[in-house]
Amino acid sequence: MLTMTTHEERLRQKLAPETVGTTLIRAGCFLSAYELIKSEIVDKVRGFFWCGFKDLYDEEHYQRDVLSRNPKSRYRASCGWLVEMDALTSGQVKQLEAIHQHRQEIAHELPKLLIDPDFEVKTDLLVAALGCLRSLGIFWGSIDVDTDPDFDGVDVDYNEIKSGSFLLMEYLVALCGIDAVQAGAAGQTEEERVQ
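Below: a short report on this structure. (Residues numbered from 1 in each chain as written. Predicted model: local features only at pLDDT ≥ 70, side-chain atom pairs only at ≥ 80, totals over all residues. Heavy atoms only, no water.)

**Details of the overall build of the protein chain**
What the protein chain contains, in helices and strands, is 10 helices and 0 strands. The N-to-C order of helical and strand elements in the protein chain reads α-α-α-α-α-α-α-α-α-α. For the protein chain, the residues scored as buried account for 36% of the 195 residues in total. Element-wise, carbon and sulfur atoms account for 54% of the exposed surface of the protein chain, whose accessible area totals about 11500 Å². (Helix = DSSP H or I, 4+ residues; strand = E, 2+ residues; numbered from the N terminus. Buried < 20%, exposed > 50% of the residue type's maximum accessible area, 1.4 Å probe, protein only. Areas by Shrake-Rupley, 256 points an atom, 1.4 Å probe, with all protein chains shown as cover.)

Structure (structure tokens):
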């Protein structure tokens, strides 16, 4: 059981200006991470079914191949499609569910985040978000390379592709003071970690 002095001290530390600043930066970074991921998943999967004319989509294939996986959630349906396309692993999709849940906590309970000594931004999920953005960037970047005639005959190492979303997130993670080695490991592909 916490004594009053211990609780007072923890609360005092939580409300210290530098701690509040760090908490707000991390909360903003987490909310940004979720929005970047959501765009990479929902918007880009939808865009994959664009037929090349203004506002013309292959609705039949999009409905059959993506939305039918989860008619109640375009996000979860798109995640399922991305797993089938080997853009994400099922483990990453589980991480994305935890990221979504924590995003909801942060967005709806920001005052609690600022004053409750036991409620912190989960930096491990922030690092996981960075890894998911890297995987998605490689996937979408490889499609761009494969379909762009400017890359015909060019040997491209897909693992070197870094999307704008990933680079922004990498910068935000650094602003949060999260260990660069830990964040870098999250950004590696499974093959890179094995080597």
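Alright, that's what it looks like, and here's the rest.
**As for helix 8 (residues 164-175)**
In an α-helix, one full turn covers 3.6 residues, which means residues spaced three or four apart are oriented alike. The first and last C-alpha atoms of helix 8 sit 17 Å apart over 12 residues, in line with the 16 Å expected at 1.5 Å per residue. All of the buried residues in helix 8 are Ser165, Phe166, Met169, Leu172 and Val173. Here the buried residues of helix 8 occupy an arc of 125° about the axis, which is enough to place them on one side. Of the exposed residues in helix 8, the ones pointing more than 90 degrees away from its buried face are Gly164, Tyr171 and Ala174. (Expected span 1.5 Å × (residues − 1). Arc of directions from axis to C-beta.)

**Observations concerning the packing of helix 4 (residues 74-84) against helix 5 (residues 90-108)**
Between helix 4 and helix 5, the least distance of the axes is 10 Å, while the angle of their chain directions is 160°. The angle between helix 4 and helix 5 falls in the class roughly antiparallel. For the crossing formed where helix 4 meets helix 5, the hand is right-handed. Residues Tyr75, Arg76, Cys79 and Val83 of helix 4 form the contact with helix 5, whose own contacting residues are Ser90, Val93, Leu96, Glu97 and His100. (Axes fitted to C-alpha atoms, helices over the stretch in contact; angles between N-to-C directions. Parallel < 35°, antiparallel > 145°, perpendicular 65-115°, else oblique. Left-handed = near helix turned anticlockwise from the far one by under 90°. Contact = heavy atoms within 4.5 Å.)

**Here's the deal with the state of the cysteines**
Across all of its chains, the model carries 0 disulfides by this definition. No disulfide involves cysteine 132; its sulfur sits 8.6 Å from that of cysteine 79, the nearest cysteine. The cysteine cysteine 176 is free of any disulfide, with cysteine 29 supplying the nearest cysteine sulfur at 3.7 Å. With a relative accessible area of 4%, cysteine 176 lands in the buried category. (Disulfide = S-S within 2.5 Å.)

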